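Inside the fold
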Amino acid sequence: MDKLSITGGQSLSGRLRVSGAKNSTLPILAGTLLAKEPVLVGNAPHLQDVTTMIELLGHLGADVVIDEKLNVEVSAKDLCQLRAPYELVKTMRASFLVLGPMVARYGQAEVSLPGGCAIGSRPVDQHLKGLEALGAKVVVEDGYVKAEAPNGLTGTDVYMDLVTVGGTENLMMAACLASGETRLHNCAREPEIVDLGDFLNTLGAQVSGHGTSTITIVGVSELKGGHYRVMPDRVEAGTYLIAAAATGGEVFLTGADPHTLGAVLEKLQMAGAEISSDDDHISLRMSNTRPQAVDIETSPYPGFPTDMQAQFMAMNAVADGTSTIRENIFENRFMHVQEMNRLGANIELHGHSMAVVHGVQNLRAAPVMATDLRASSSLVIAALVAEGTTVIDRIYHIDRGYETIEEKLQQLGGSVQRVR
Ligand code: EPZ
């Protein structure tokens, strides 16, 4: 099993190109199932999760071709399978996003329930409730969600009980081929939702209001082919910015969209970073070497993202002062705390949703274990700060969401090697 060996102590400095967004690419690839003609998805990152989604599309009968520039072309003219098996869904929850497109286009689908995962129980009740409102008959049997709408879906008002990114995406895609108008209420407003809506409109869908809490979709009879370029990965960009800030460094990110990172950039400035940006670059410089401790609280967009909570905690671990971190989205997203404390951090957990971080002057290398994707990247940041060589085990988690992380960190002067 691959590990990362990181010798800390260097300030990260240099230029980096941000990859395409994983959390946009996955729903967009699921959305290609709505189209009868070939769809070309550009700027898709080369990541394990993207490979899993491509495998699933292939399993369902879509033809997938990846060219030398890593554009992914999906032709889903006729699917031979309307069943997404447990083996593919269990490794990645985003596989569940094929449900909406398949029911909408073929009037039936069976998708394995994704089950719980390391960061929390993560139910899909809102996806199912919404599909039922659109007229599908939904049953859960033998671990599979079986949905049927032999006469097609029908547009209506759908009220989600809570803000869910995946739920909003599944229902947006399903509604594209429903008859009449659908209004989705209490929607997630994440930039990836905006990207998905823009993608669907490129194929001829009529989606409006994406990026606000009410999305309106006027159903059309079919979606055509097209070419779409995925947005930059805001979580990857944020991770490298935090890494540079934690190490007292300086970084210039190209192909990054500052408009999607407002809450994170504000907190980094409060920590002492000087930030400048234009439409497709962000640069960060630490004005004094040690960051100031900053409180954060996660919430749906445009609040501080849960996907950057762990990385920010790594910076707070070596900051001047004490900070409070509240996690409001997932019930078990503090697994990095124990590992950071092994590196000499002083972090107390108060229940499942609050951590108090007493900043220490230095961390020291120790063997640590990655438990999930963003927890892994937080340990990378902590290891870059720590004195000595830290080996991070179970690094396969990081390959799900960060393209060539060791090369990118080396490019910034980090001493990072992949070892077996
Ligand atoms: C997306 O997951 C992201 N994944 C996650 O990224 C991200 O952490 C999360 O949104 C929140 O921003 C992708 O985009 C592929 P949710 P998703 O539905 O859609 C509860 C990463 O590290 N809920 O918004 O699964 C749920 O349990 C990851 O890249 C219900 O109760 O998240 C959670 O507490 C991990 N019922 C909250 O809502 C439902 O039907 C938010 O989940 C659906 C969700």
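Along each chain, numbering runs from 1 in the same order as the chain's sequence is written. For a predicted model such as this one, the threshold for reporting local features is a pLDDT of at least 70, and the threshold for listing and counting side-chain atom pairs is 80 or more; totals across whole chains, interfaces and linings nevertheless cover every residue. Side-chain descriptors were evaluated using all non-hydrogen atoms of the structure, hydrogens and water having been removed beforehand.

**Topic: the packing of helix H4 (residues 99–106) against helix H6 (residues 165–176)**
Convention adopted: a line fitted to C-alpha atoms gives each axis, helices being fitted over their contacting stretch, and angles between N-to-C directions are expressed from 0 to 180 degrees. Note on conventions: DSSP H or I runs of at least 4 residues are helices, E runs of at least 2 residues are strands, and numbering of each starts at the N terminus. Packing of H4 against H6 brings their axes to within 7 Å, and their N-to-C directions diverge by 15 degrees. As the angle between them shows, H4 and H6 are arranged roughly parallel. As for how H4 packs across H6, the hand of that crossing is right-handed. Two secondary-structure elements touch here, H4 through Leu 99, Gly 100, Pro 101 and Ala 104 and H6 through Asn 170, Met 173 and Ala 174. In this count, Pro and Cys sit with the nonpolar residues alongside Ala, Val, Leu, Ile, Met, Phe, Trp and Tyr, while Asp, Glu, Lys and Arg are called charged and the others, Gly among them, polar. In terms of residue class, the contact of H4 with H6 is made up of five nonpolar, two polar and no charged. Small angles under 35 degrees read as roughly parallel and large ones over 145 as roughly antiparallel, with 65 to 115 read as roughly perpendicular and the rest as oblique. It is the rotation of the near helix from the far one that decides the hand of a crossing: anticlockwise by less than a right angle makes it left-handed, clockwise makes it right-handed. In this description, contact between two residues means that some pair of their heavy atoms is separated by no more than 4.5 Å.

**Quick look at the side chain of Arg 374**
Tracing the backbone through its elements, the reader meets Arg 374 in helix H12 (residues 373–385). Exposure classes here rest on a 1.4 Å probe applied to the protein chains alone. A residue is buried below 20% of its type maximum, exposed above 50%, and partly exposed in between. Here the positive residues are Lys and Arg and the negative ones are Asp and Glu; neither His nor the chain ends is included. Put simply, a salt bridge is a Lys or Arg side-chain nitrogen that is within 4 Å of an Asp or Glu carboxyl oxygen. One buried charge, Arg 374, has no salt-bridge partner; the nearest side chain with opposite charge is Asp 307, at 4.5 Å.

**What about the sheet that holds strand S13 (residues 214–218)?**
Sheet architecture is open: four strands sit in the order S10-S11-S13-S12, paired in mixed fashion. Each having just a single partner strand, strand S10 (157–159) and strand S12 (206–208) make up the two edges of the open sheet. Between one strand axis and the next, the sheet turns through 15 degrees on average, direction left out of account. Here, a strand pair is defined by DSSP locating no fewer than two bridges between the strands. By the bridge criterion, five bridges tie strand S11 (residues 181–185) to S13 in an arrangement that is antiparallel. Counted as the bridge partner of Glu 181 is Val 218 from S13. Along the sheet face, H6 touches S10, S11, S12 and S13 and points at about 25 degrees away from the line of S13.

**Comments concerning helix H8 (residues 234–246)**
The span you would expect from a helix comes to 1.5 Å times its residue count less one. Taking 1.5 Å as the rise per residue, H8 with 13 residues should run 18 Å; its terminal C-alpha atoms sit 18 Å apart, in good agreement. Of all the 13 residues making up H8, 13 are buried; the element is thus mostly covered by neighbouring parts of the structure. For H8, the N-terminal cap is Asp 233; the gap from its side-chain oxygen to the backbone nitrogen of Val 235 is 2.9 Å. Of the residues trailing H8, Gly 248 is marked for its positive phi of about 65 degrees. In protein, a polar contact requires one atom able to donate a hydrogen and another able to accept it; more generally it is a pair of N or O atoms within 3.5 Å, and residues adjacent in sequence count only if both atoms are side-chain atoms.

**Notes on the pairing of S11**
Two faces, one strand: in a regular strand the side chains alternate between the faces of the sheet. As paired elements, S10 and S11 share three bridges and run parallel to each other. Its bridge partner being in S11, Tyr 159 is matched across the sheet by His 185. The handedness rule is simple: strands pointing away from the viewer, and a clockwise path from the first strand over the helix to the second, make the crossover right-handed. Crossover handedness for the path S10 to H6 to S11: right-handed.

**Here's the deal with the pattern of salt bridges**
This structure, assessed with the given rule, holds 18 salt bridges. As a salt-bridge pair, Arg 400 and Asp 49 come within 2.7 Å of each other at their nearest N and O atoms. Of the two residues, Arg 400 sits in the loop between helix H13 (396–399) and helix H14 (405–411) while Asp 49 sits in helix H2 (residues 48–60), which places them 351 residues apart along the sequence. Since its relative accessible area comes to 26%, Arg 400 is described here as partly exposed.

**Section: the environment of Ala 310**
You can see Ala 310 is positioned in helix H10 (residues 309–317). The sequence separation of Ala 310 and Val 337 amounts to 27 residues, and the corresponding C-alpha distance is 8.5 Å. Excluding residues that lie within four positions of it along the chain, Ala 310 makes contacts with His 336, Met 340, Arg 374, Ala 375 and Ser 378.

**Considering the site of the ligand**
Whether a residue is near a molecule or strand depends on its heavy atoms: it is near if one of them lies within 4 Å of it. Taken together, 21 residues lie around the ligand, and Asp 125, Gly 166, Asp 307, Ile 329 and Arg 374 are the ones closest in. Asp 125 has a polar side-chain atom sitting 2.7 Å from a nitrogen atom of the ligand. In the model, an oxygen atom of the ligand is placed 2.6 Å from a nitrogen or oxygen of the Ile 329 main chain. Residue burial considers only the protein chains on display, and all accessible areas are found by Shrake-Rupley using a 1.4 Å probe. When the free accessible area of the ligand is taken as 830 Å², the share hidden by the protein chains comes to 86%. Elements represented by at least two residues in the shell around the ligand include exactly helix H1 (22–31), helix H5 (125–133), H6 and H12.

So far we have only geometry, and geometry alone does not tell us how the molecule works.
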